[in-house]
Amino acid sequence: AAGGSGVLGSKTSQILGNAAANTPLAAAGPNSASVDASSSASLDDDGDSADDDAELFNPHHFVAATDKDVAVLLSGGVDSSVALRLAIEQGYNPHPFYLRIWLEDELSHLNECPWEDDVRVARAVAKQAGVRLNQVSMQKEYHSEVVRYTVDEARQGRTPNPDVMCNSRVKFGMFYELVGRHFERVVTGHYARTRIGPGGEAELHCSPDPVKDQTYFLAHLTQDQISRAMFPVGEFEKHEVRQLAEKYDLPNKNRKDSQGICFLGKLKFDEFLEYHLGKNPGRMVEFETGIQVGSHRGFWFYTLGQRKGLGLSHGPWYVVSKDPAENIVYVSTHYGSIDKPRNSFDVSSLSWISARGAPDWALPGQRFEQPGDGGSGGGGDCVRVKLRHGTTFHVCKSIARAGAEPRLEVEIEGRAHGLAPGQFAVFYEGKRCLGSGVIVTDYGLQKAPKAVTGQSAKQLQAHYF
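Quick look at the structure, then.

Cut-offs applied
- Residues numbered from 1 in each chain as written.
- Predicted model: local features only at pLDDT ≥ 70, side-chain atom pairs only at ≥ 80, totals over all residues.
- Heavy atoms only, no water.
- Phe/Tyr/Trp six-rings, centres within 6.5 Å; stacked < 30°, edge-to-face > 60°.
- Helix = DSSP H or I, 4+ residues; strand = E, 2+ residues; numbered from the N terminus.
- Buried < 20%, exposed > 50% of the residue type's maximum accessible area, 1.4 Å probe, protein only.
- Salt bridge = Lys/Arg side-chain N within 4 Å of Asp/Glu carboxyl O.
- Axes fitted to C-alpha atoms, helices over the stretch in contact; angles between N-to-C directions.
- Parallel < 35°, antiparallel > 145°, perpendicular 65-115°, else oblique.
- Left-handed = near helix turned anticlockwise from the far one by under 90°.
- Contact = heavy atoms within 4.5 Å.
- Arc of directions from axis to C-beta.

### Observations regarding the packing of aromatic side chains
Evaluation of the coordinates by the stated rule reveals 15 aromatic pairs. Where F97 meets F183, the ring centres are 5.9 Å apart and the plane angle is 80°; that geometry is what we call edge-to-face. Of this pair, F97 sits in strand β2 (residues 93-100) while F183 sits in the loop between α7 (162-179) and β4 (186-187), and the two are 86 residues apart along the sequence. Both residues of the pair, F97 and F183, belong to the buried class.

And the structure:
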C-alpha cells in the first residue's frame, strides 16, 4: 500500500492518492494485455531465469484485459524498478518488459554480454513484485532507427543525440507499435511529468529535480506518445527515489546509476564511431592563421567546443570549426574572446508536442521578442531553450521565423558553449516543454580569416564567429 512514515511517506500518499490530479491522463483501454502474476518466471538462487524461452514476448499470446493493465519498461536500474512499484501502488496491473537493444557486433571484442546483469536484476525485481518479466528483441529496429541516424549524422560532421531518437523512435515508437494494441499506457523511469492542459491536451513538464530532469531527451515525442506515457518517478527528486528503493527493499536498491548513452554500455562512443566509420587522419589547423598545429584521427571524433583529447600543447585549445569536405578540424586558443558572442543559431526539423503544432510565436512570419525582465531568475513563463541535457536554460531574447520555411532564428541572452550542428534545441515556457528542433547553423567563408579561405570548402560547420 502507498504511504510510509515521514515526509517521503506523506508525499507518496499524496501523489498516489491523487493520481487523477498528479498524473491526470486516462488509464489503459480495453485492448490492454493480461499476464497472470502466477506465471512469473522462476529464478535460480543467482537470479537467472530457469525458463528463458517463456520470457520472450509473443504478441499473439496476449488477450484483452482490464483498463488497469500497463506496460512497464524495466531496465534493471533503480528508477524503472521504483516506477514499477509505484504503478502497483497506483492500482495498476504492471507488465514489465526488458528491451533487447544492445549492439552485438560492436561489442563482440568484449567477449561478454554487458547487459546480462541488467536482465538478471530486472528478473529479480519483477519476481519480487509478483509479475513476470517479458523480453522484447528490438535490435534490428534499434539499428535502423537509432544506430543508422547516429552514424549518418557523425559522417556529416554533426553532433547526434542517440538518446533523443531512442525515446521517440524505439521506446515510445516501435515499442508502442508492437505493444500498443495491448496497452494504452507505457510506464518508464524517466524524470518528467505529464499534465492535462487547459485545452485538454497532454503536456510534458519538468521534474522537480533539475539535475535529473529528462524532458530534454523526451522533447521529440508526439502528442499521442506523451498522452500514453506515465512517469511515476517524475514527481520525486532522486534522493527520494533512492529512499523508495530502500522502502521497497528492491534487489537493486544500492545499484549505481548508469552513465552515458543508453545503448553503448561498456562501449565508448569513440569506439562505436570507429567501428562504423573507421579512422580518417587529417590536419588540425589553427583557425586564425591557417597553420597546421597537429593531426586528428577523423573529424567525426570531434565536436564544436571540445577541449579535451586534442593532444595539443600551449593551450587551452578548443575545436571551433570543422570542414568535413576537406577533413580539416579547426582549433583556436581564443574560444572565450568577447568578440565571439555565440548567442544566436538557427533551428530546423521542428517537432512540437502539441497536436495543434507550433506555438503562436513560432508561426510563419512571426517574430518573438522576450520582455526585458524575461530572464530574471529564469523562471515564470518566459520562453527558454536547453541546448543539452543538464540544468542550464537559456532565456530566448528573440525568435524569428521568416517565411513558411520551418526554421527558427534564435537569439539568447548571454553566451552558449559548444553550439554544434546536429544538437537538439529544446524549447520551454516556464516548466512546460514545448518541443524541439535541430541546430543547423553552418557558415560560409565570408567571416572566416583569409588564412582559412584558401584551404577550406565553401561551407564551414561552426559557431565561432
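### Regarding the pattern of salt bridges
When the charged atoms of two side chains with opposite charge come close together, those side chains can pair. Evaluation of the coordinates by the stated rule reveals 21 salt bridges. In this structure, E201 engages R356 in a salt bridge whose closest nitrogen and oxygen atoms are separated by 3.6 Å. Here E201, found in the loop between β5 (193-196) and β6 (202-205), pairs with R356, found in the loop between β12 (344-352) and β13 (367-369); they are 155 residues apart in sequence, far enough to count as distant. R356 gets classed as exposed once you look at its relative accessible area, which sits at 59%. E274 serves as the salt-bridge partner of R297, at 4.0 Å between the closest nitrogen and oxygen. With R297 in the loop between β9 (292-296) and β10 (318-323) and E274 in helix α11 (residues 269-277), the pair connects residues that are 23 residues apart, well separated along the chain. Residue classification places R297 among the partly exposed residues on the basis of a relative accessible area of 30%. Counted as one network, the salt bridges with shared partners bring together D117, D118, R120 and R255.

### What about the packing of helix α6 (residues 139-155) against α7?
Contact geometry of α6 with α7 gives a least axis separation of 9 Å together with a crossing angle of 160°. In this view, α6 runs roughly antiparallel relative to α7, as classed from their interaxial angle. α6 and α7 meet at a crossing whose hand is right-handed. Within the contact between the two elements, α6 uses E141, Y142, S144, E145, V146, Y149 and T150 and α7 uses P162, M165, C166, R169, V170 and M174.

### A word on helix α10 (residues 238-248)
For α10, the set of buried residues is K238, E240, V241, L244, A245 and Y248. Looking down the long axis of α10, one finds its buried residues gathered within 155° of arc, a one-sided arrangement. In the segment just after α10, D249 is the residue with positive phi, at about 55°.

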